[in-house]
Amino acid sequence: MAFPRYDAPHGLGPAGAAPAHPVRQALASAEGLVRTRGGRSASVAVVLAALLAGTAAAAPPDPLSPLLSQARVAVREQPGMWTGASVARGERAVVVGAPRRLVAEVARLAGRADRTVTRVWGEHGGAVILVPRTEEQAAVLAAPAVVGGLAAVATGDRVIVQPAAFARLSAIGRQVVVTHELTHVAASGPRTVPMWLLEGFADYVGYLDSGLPVHVVAAELAAELAADPRAGGGAGAEGAPQAGTEAGTAPGAEAGTGAGAAAGTPLARLPEPADFAARPAQAYEEAWLACRYIAARFGERRLVALYRAALREDADAALRNVLGLTTAELTRLWRSSVRAELARS
């Protein structure tokens, strides 16, 4: 799975990108890979020794033991990648990589992120976070997920940081990204949920404590709607045919969902994979606003219940059972909410 870029939009970029939010601290780009001869095995052994280090036999069991084991597995899969790497332990994360100050910072961010994720989602197992030195190394670690243009990617129980993109983020942006990705790890399950819910929920948790207003987070979508105010229907016109569809429906689709609409049409439907590929920034914003609407109208617990239900059953059934809505009804309500909220902001 691949997740959002977070490289410049949403008030998350470097200083000057969003004057209303002055906290703009970014680390220097990650160091280049240090190639050594003869010392590689010794360096990797040091990393493994640090990972193996735990409490004394008489002390209580180390709560990070499962993550330490997972981190050892990750290091052994690509031993040459971790020459000179360091290890940092978070509250519920183990971070491996370089340079040392970035690893330490990611561990601190993960600690704060964990508190937010736990508050919303509940208890979870934590994550191993890998911080390679180059985008090429990140691509190897994340495969088959794509890391190009991304700041981080969650794959199973791991998060892989793409150092160059991560370095371009503001302090707020880094916190949002780490929280987003740890949400993916915590909320993973046996069934794939719809992409609007997958990414929208991760962004809902990621932005929860950011202090960023709607008009900053959804800047690209607001601009898109301003350029074409008729796109996606409007408040009071939810049942009208949507741009990019014939008579407002695809064969077999419910009226008003926008199913079958062109991927470039804003608010035509709850965003699907094609939308995330065609207009990624706007699709993430639409998904975030959908989950934000659900939490505002039904309560955060119902949003979490919806996600948990979607991990067990068909998404349409989950919507009916948890919210009492069809996909078409949620789409119409979400569309009106987005237009109203963006108009206010």
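No experiment lies behind these values; they were computed from the predicted model shown.

### Considering the environment of Leu150
- Topologically, Leu150 is positioned in the loop between helix H4 (135-142) and strand S4 (152-155).
- With twelve residues separating them along the chain, Leu150 and Gln162 place their C-alpha atoms 6.6 Å apart.

### Some remarks on the confidence of the model for the protein
- Mean pLDDT over the protein stands at 81; residues scoring 70 or higher make up 73%.
- Every residue in residues 14-41 is under pLDDT 50, and counting partners more than four places away or in other chains gives 44 contacts.

### Thoughts on the packing of helix H9 (residues 219-227) against helix H14 (residues 327-344)
- One can describe the packing of H9 onto H14 by two numbers: an axis separation of 11 Å at closest approach and a directional angle of 95°. The angle between the axes of H9 and H14 places the two elements in the roughly perpendicular class. Only Val338, Arg339 and Leu342 of H14 make contact with H9, whose side of the interface consists of Leu221, Ala222 and Leu225.
- Considering only residue class, the contact of H9 with H14 consists of five nonpolar, no polar and one charged.

### Overview of H9
- Three or more residues of H9 are buried, namely Leu221, Glu224 and Leu225. One side of H9 holds all its buried residues, which, seen down the axis, span an arc of 95°. Of the residues in H9, the exposed ones pointing more than 90 degrees away from the buried face are Ala226 and Ala227.
- At its buried positions, H9 is contacted by helix H11 (280-298) and H14.

### Let's talk about the pairing of strand S3 (residues 127-131)
- By the criterion of burial, S3 is predominantly enclosed, with five of the five residues buried.
- Neither face of S3 is left uncovered, since the one carrying Ala127, Ile129 and Val131 and the one carrying Val128 and Leu130 both have all their residues buried.
- Bridge analysis of strand S2 (residues 93-97) against S3 gives five bridges, and the strand direction is parallel. Bridge pairing in S3 places Val94 opposite Val128.
- Relative to strand S5 (residues 158-161), S3 runs parallel, the two sharing three bridges. Paired with Ile129 across the strands is Val159, a residue of S5.

### Let's talk about unusual backbone geometry
- The omega angle of the peptide bond from Ala98 to Pro99 is 0°, so this bond is cis rather than trans.
- Within the element layout of this structure, Pro99 appears in the loop between S2 and helix H3 (100-121).
- Each neighbour pair has its own omega, and for Ala143 with Pro144 the value is 10°, a cis peptide bond.
- The topology assignment puts Pro144 in the loop between H4 and S4.
- One non-glycine residue, Leu267, adopts positive backbone phi at about 60°.
- Considering the arrangement of structural elements, one finds Leu267 in the loop between H9 and helix H10 (273-278).
- Using a relative accessible area of 0% as the deciding quantity, one classes Leu267 as buried.

### Structural notes on the pattern of salt bridges
- This model, assessed by the stated rule, comprises twelve salt bridges.
- For Arg292, the salt bridge identified is with Glu341, shortest N-O distance 2.1 Å. Of this pair, Arg292 sits in helix H11 while Glu341 sits in helix H14, and the two are 49 residues apart along the sequence.
- Its relative accessible area of 28% is what places Arg292 among the partly exposed residues.
- Via salt bridges that share partners, Arg92, Asp114 and Glu123 belong to a single interconnected network.

### Describing the nonpolar core
- The biggest cluster of nonpolar side chains holds 77 residues, and the ones touching the most others in it are Ile129, Phe166, Trp196 and Phe201.
- By residue number, the principal contributor to this core is H11, which donates eleven residues.
- Ala74, Leu130, Val147 and Leu150 belong to the second largest nonpolar core, which has 21 residues in total.

### Digging into the sheet that holds S5
- The strand order across the open sheet built from five strands is S1-S2-S3-S5-S4, with neighbouring strands paired in mixed fashion. Each having just a single partner strand, strand S1 (86-89) and S4 make up the two edges of the open sheet. Between one strand axis and the next, the sheet turns by 20° as a mean value, whatever way the strands run.
- Most of the contacts of helix H2 (residues 65-77) go to S2, to which it runs at about 20°, and overall it touches S1, S2, S3 and S5.
- Of the strands in this sheet, S3, S4 and S5 touch H4, which is tilted by about 160° from S5.

### Focus: the packing of aromatic side chains
- Applying the stated criterion to the full structure yields five aromatic pairs.
- Plain terms: the ring middles of Phe201 and Tyr307 are 4.9 Å apart, the flat faces sit at 40° to each other, and that makes the pair tilted. Note that Phe201 is positioned in helix H7 (residues 195-207) and Tyr307 in helix H12 (residues 300-310), a separation of 106 residues in sequence. Grouping residues by exposure puts Phe201 and Tyr307 together as buried.
- The structure contains a cluster of three or more aromatic residues connected by ring pairs, namely Trp121, Phe201 and Tyr307.

Parameters and conventions
- Residues numbered from 1 in each chain as written.
- Predicted model: local features only at pLDDT ≥ 70, side-chain atom pairs only at ≥ 80, totals over all residues.
- Heavy atoms only, no water.
- Helix = DSSP H or I, 4+ residues; strand = E, 2+ residues; numbered from the N terminus.
- pLDDT = per-residue confidence, 0-100.
- Contact = heavy atoms within 4.5 Å.
- Axes fitted to C-alpha atoms, helices over the stretch in contact; angles between N-to-C directions.
- Parallel < 35°, antiparallel > 145°, perpendicular 65-115°, else oblique.
- Nonpolar A, V, L, I, M, F, W, Y, C, P; charged D, E, K, R; others polar.
- Buried < 20%, exposed > 50% of the residue type's maximum accessible area, 1.4 Å probe, protein only.
- Arc of directions from axis to C-beta.
- Pairing = 2+ DSSP bridges.
- Salt bridge = Lys/Arg side-chain N within 4 Å of Asp/Glu carboxyl O.
- Core = buried A, V, L, I, M, F, W, Y, C linked by side-chain atoms within 4.5 Å.
- Phe/Tyr/Trp six-rings, centres within 6.5 Å; stacked < 30°, edge-to-face > 60°.

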